[in-house]
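# Survey of secondary and tertiary structure
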Number of protein chains: 2
Amino acid sequence: MFGFRDIEIIRAIVRHGGFRAASDATGLAQSAISRRVRHLEDRMKISIFERDGRGVRLTAAGRRLVDEAEILVTQRDRILGELTQGVMAGVVRLGVAETMTHTILPRMLTDLRTRHPQLRFEISVDTSSQISQLLIDDGLDVAIMMRDQLPRGISMTPLPSVTLGWFAASSHFRLPRPAGIDDLAALPIVSFPKGTLPHRQVVNLLSPGRKTAAAIHGSASLATVLHLVRQGFGIGTIPHDIAAAWPHTGLEEIEVLPEARLPDLDFSICYMPERNDEIGREVTRAAVEAGADRSDNEINTAHN
Amino acid sequence: MFGFRDIEIIRAIVRHGGFRAASDATGLAQSAISRRVRHLEDRMKISIFERDGRGVRLTAAGRRLVDEAEILVTQRDRILGELTQGVMAGVVRLGVAETMTHTILPRMLTDLRTRHPQLRFEISVDTSSQISQLLIDDGLDVAIMMRDQLPRGISMTPLPSVTLGWFAASSHFRLPRPAGIDDLAALPIVSFPKGTLPHRQVVNLLSPGRKTAAAIHGSASLATVLHLVRQGFGIGTIPHDIAAAWPHTGLEEIEVLPEARLPDLDFSICYMPERNDEIGREVTRAAVEAGADRSDNEINTAHN
DNA sequence: CTCGATATCACGGAAGCCAAACATGCTACG
DNA sequence: CGTAGCATGTTTGGCTTCCGTGATATCGAG
């Protein structure tokens, strides 16, 4: 086995041409170098230097060792520098609700990548409650989710609200304009997965005092929801942003009465300042700016 | 600063979920782990674990450290394994005379690469005397050169002789067939660089008792020699193999009298067994086999 | 209070420093 | 030509500092 110190010392010996010169270069006593090298050779059972009266030269094995191990020292120093000099690097574990992956996430990641090329992201897409739990358990560094149950000590920054609409595939269903709650409840509905806040909101909106419970299907995958709605499986509750992002899928917003309107979704970007103050702040900044961009974009898409 | 041991210990703590468990896993005492981690944190001025009554968890900085440094341990173990288990790896410093780069070298390297994918080559092309000196000074591991002055203790394996011919660009010079020494000496000659054995041989062949010294130009680059001869700058002394390798350059061998024939070049593959026994043997084997192939090839090209 | 965890304290061994010994090549002188 | 002296470099022996062990103190949660 060999350590970083061994490599540094061997490198110094090679570079300066001997134990003596290496001792000056490293600040170690020359005797320490001698004994260290011998000990290392004994441990690894290879000879690293060929000695004779007037100095030492690398053996073939020694040269191989230096060539290969040099890079380790370099990398160690790089890691150390990045860690202590506050360079933003490493892996950021990011949890997002799926809706966000289609809106602010791409812009946010682009922003972060240009500012901090060393950062790597590991993105989990899940329901807000799952993400919330992961954040609490230190399974995530930053989360973008709906405020569910908020643990204490968390930092939470609101993002622009996401507005929902009722959508249907063009000409699959015949509905009055505007449609009322009863009209909607009579049809199969594809919505957010069971257990999530928007799912509960849809249930609450449609259920009270109705004879037969509305057929509400949940899907954790927005792509699946879009697909099902497009195929005429039912009508769907879909964020306006998402629908606008696929303008040619044949989806059409259903005009509804005010009482049938769906509440907005309030997303927040959250992190634990105790654990991830620096990264959390920076990701939050990027998310807020991406959200601001998104507003512009919303206006643009409204023009379409 | 951190060492391999630090990383291994931190990894053990993370994997087994605490100092206590890590102490069982690593065989160290629990107190040693505690103190080591604290010292490390002090030295690096970052906090790696977040402690409370019921255990420890990685901080963000700690996770970054583990993520980035894990690979260092892996690489260290790989290097150690390769060194001690006698895998042929590392960089082989190879010195060759230029003639050889066009004959056995490509086949030899292909052979070695397929048998030892871990090997890397660093190839120097120079005159035989330079290469010889480099080999003596441990600037090369293996050399392919003409035997010049041979240091003692060297291993030398002869390779097939290289035959030389006089070449000229078609129809640039008018010579009797066969040409004699005087005919050749009257023309500008492009040959091997001054100071090399074949250059001396050309000089010796042409100079004795002549009124005006023959105009012998030297070039260390075979490509340059070929170019000059092709352009009609003069006639050249070129290995048959090389000329055969460029069959469409308009070069034509000059038919000469026996007394004007050039001596063969005797190349050998050399290494210092004291320093590079294992690699030297293997490269020698590959060179000899490539030389055998070359003989076949010579016959083939003679058919063209 | 008890349990399960980490932190701390006194003591032995490896790794480091200092000084002196040892090996080798070079030079100059008899 | 042989050899003493010197210059240069490595190895070897005493003495201190840091790392690992074992037992004990301390702390937080249930």
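Once that is clear, we can look at the nonpolar core. Counting 53 residues, the largest nonpolar core has Phe2 of chain A together with Phe2 of chain B as its most contacted members. Once you skip the residues sitting within four places of it in the chain, Phe2 of chain B turns out to touch Phe4, Arg76, Ile79 and Leu80 of chain A together with Ile7, Leu40, Arg43, Met44, Leu65, Ala69 and Leu72 of chain B. Listed in part, the 45 residues of the second largest apolar core include Met88, Ile104, Trp166 and Leu206 of chain A.

Before going further, it helps to spend a moment on the sheet that holds strand E9 (residues 216-218) of chain A. Residues and elements named next belong to chain A. Strand order in the open sheet formed by five strands is E9-E8-E10-E7-E11, and the pairing between neighbours is mixed. A single partner strand is all that each edge strand has here, and the edge strands are E9 and strand E11 (251-253). In this sheet, adjacent strand axes meet at a mean angle of 35° when their direction is disregarded. As judged from the four bridges shared by strand E7 (residues 164-169) and strand E10 (residues 235-239), these two strands associate in the antiparallel manner. Following the sheet pairing, Trp166 is matched in E10 by Thr237. Strands E7, strand E8 (189-191), E9 and E10 of the sheet are contacted by helix H9 (residues 197-206), whose axis makes an angle of about 180° with E9. Here helix H10 (residues 222-230) sits on the sheet in contact with E7, E8, E10 and E11, set at roughly 140° to E10.

Right, let's talk about the protein's contact with DNA strand C for a bit. Taken together, 18 residues lie near DNA strand C, and Ala29, Ser31 and Arg36 of chain A together with Phe19 and Arg51 of chain B sit nearest. The sugar-phosphate share of atoms of DNA strand C within 4 Å of the protein amounts to 56%. In this structure, a phosphate oxygen belonging to DNA strand C sits 2.4 Å away from a side-chain N or O atom of Arg51 of chain B. Taken together, the residues of the surface near DNA strand C sort by class into four nonpolar, eight polar and six charged.

Moving on: the packing of helix H4 (residues 60-84) of chain A against helix H4 (residues 60-84) of chain B. H4 of chain B packs onto H4 of chain A with a crossing angle of 180° between their chain directions and a minimal axis gap of 11 Å. As summarised for this structure, H4 of chain A and H4 of chain B are arranged roughly antiparallel, according to the angle between their axes. Of the residues in H4 of chain B, those in contact with Ala61, Arg64, Leu65, Glu68, Ala69, Leu72, Gln75, Arg76, Arg78, Ile79, Glu82 and Leu83 of chain A of H4 of chain A are Ala61, Arg64, Leu65, Glu68, Ala69, Leu72, Gln75, Arg76, Arg78, Ile79, Glu82 and Leu83 of chain B. Here the residues of the contact of H4 of chain A with H4 of chain B are counted per class, giving 12 nonpolar, two polar and 10 charged.

This part takes up the pairing of strand E3 (residues 90-96) of chain B. Residues and elements named next belong to chain B. Across the seven residues of E3, six count as buried, placing the element largely inside the fold. Sheet topology note: the E3/strand E4 (residues 119-125) ladder contains seven bridges and is parallel. Residue pairing for E4: Val96 is matched across the bridge by Val125. In terms of strand pairing, E3 meets strand E5 (residues 142-146) through three bridges, oriented parallel. Looking at the pairing, Val96 lines up with Ile144 of E5.

Now for unusual backbone geometry. Of note, the bond from Arg177 of chain A into Pro178 of chain A is cis; its omega dihedral lies within 30 degrees of zero at -5°. Note that Pro178 of chain A resides in the loop between E7 and helix H8 (181-185). Phi is positive for Asp138 of chain A, close to 60°, though the residue is something other than glycine. In this fold, Asp138 of chain A is placed in the loop between helix H7 (128-136) and strand E5 (142-146). For Lys45 of chain B, which is not glycine, the phi torsion reads 55° and is therefore positive. Along the chain, the position of Lys45 of chain B falls in the loop between helix H3 (30-44) and strand E1 (49-52).

So, about the relation of the copies chain B and chain A. Each of the two chain copies goes to the other by way of a rotation about an axis and a shift along it. Mapping chain B onto chain A calls for a rotation angle of 179° and an axial translation of 0.1 Å; the resulting RMSD is 0.5 Å. The superposition of one copy onto the other is thereby described by a two-fold rotation axis. The fraction of interface residues of chain B whose copies in chain A are also interface residues reaches 100%, indicating that both copies meet through the same surface.

A word on the confidence of the model for chain A. When pLDDT is low, close inspection of the predicted coordinates is not appropriate. Summing up the model confidence of chain A, the mean pLDDT is 86 and the portion of residues at 70 or higher is 93%. The model gives residues 296-304 of chain A a pLDDT under 50, and that stretch makes three contacts with residues more than four places away or in other chains.

Another point: the domain arrangement of chain A. Structurally, chain A comprises domain 1 (4-84), domain 2 (90-161 + 266-303) and domain 3 (164-260). The C-alpha-based centres of domain 1 of chain A and domain 3 of chain A are spaced at 70 Å.

Each side of the interface is counted separately: chain B has 36 residues, and chain A has 36 residues. Across the chain B/chain A interface, buried area totals approximately 3200 Å², and carbon plus sulfur atoms make up 59% of it. Between the two partners, chain B and chain A, sit 11 residue pairs in polar contact (both at pLDDT 80 or more). Where the side of chain B that touches chain A is concerned, the elements lending two or more residues are H4, E3 and helix H12 (273-303) of chain B. Take the side of chain B that touches chain A: its biggest share by element is 18 residues, from H4 of chain B. Class assignment of the residues belonging to the side of chain B that touches chain A gives a composition of 18 nonpolar, five polar and 13 charged.

Attention now moves to the protein's contact with DNA strand D. Among the 18 residues in the neighbourhood of DNA strand D, the closest are listed as Ser34 and Arg51 of chain A together with Ala29, Arg35 and Arg36 of chain B. Within 4 Å of the protein, the contacting atoms of DNA strand D are drawn from sugar and phosphate to the extent of 58%. Within the backbone of Gly27 of chain B, an N or O atom sits 3.5 Å from a phosphate oxygen of DNA strand D. Within the residue set of the surface near DNA strand D, elements represented by two or more residues are helix H2 (19-26) and helix H3 (30-44) of chain A together with H3 of chain B. Among the elements that take part in the surface near DNA strand D, H3 of chain B stands out by supplying five residues, more than any other. Of the residues belonging to the surface near DNA strand D, the class tally is four nonpolar, eight polar and six charged.

Here we come to the packing of helix H1 (residues 4-16) of chain A against H4 of chain A. Residues and elements named next belong to chain A. Interhelical geometry of H1 versus H4 gives an angle of 120° and a closest axis separation of 9 Å. Between H1 and H4, the interaxial angle falls into the category oblique. The hand of the H1/H4 crossing is left-handed. Contact with H1, carried on its side by Phe4, Ile7, Glu8, Ile10, Arg11 and Val14, involves Leu65, Val66, Ala69, Glu70, Leu72, Val73 and Arg76 of H4 and no other residues of that element. Its residues placed into classes, the contact of H1 with H4 shows nine nonpolar, no polar and four charged.

About the thresholds
- Residues numbered from 1 in each chain as written.
- Chains lettered and ligands numbered in written order.
- Predicted model: local features only at pLDDT ≥ 70, side-chain atom pairs only at ≥ 80, totals over all residues.
- Heavy atoms only, no water.
- Core = buried A, V, L, I, M, F, W, Y, C linked by side-chain atoms within 4.5 Å.
- Buried < 20%, exposed > 50% of the residue type's maximum accessible area, 1.4 Å probe, protein only.
- Contact = heavy atoms within 4.5 Å.
- Pairing = 2+ DSSP bridges.
- Helix = DSSP H or I, 4+ residues; strand = E, 2+ residues; numbered from the N terminus.
- Axes fitted to C-alpha atoms, helices over the stretch in contact; angles between N-to-C directions.
- Near = heavy atom within 4 Å.
- Polar contact = N/O pair within 3.5 Å; in protein donor to acceptor, adjacent residues only side chain to side chain.
- Nonpolar A, V, L, I, M, F, W, Y, C, P; charged D, E, K, R; others polar.
- Parallel < 35°, antiparallel > 145°, perpendicular 65-115°, else oblique.
- Least-squares fit on C-alpha atoms with pLDDT ≥ 70 in both.
- pLDDT = per-residue confidence, 0-100.
- Domains from an automatic or database assignment.
- Buried area = accessible area lost by both parts, 1.4 Å probe.
- Left-handed = near helix turned anticlockwise from the far one by under 90°.

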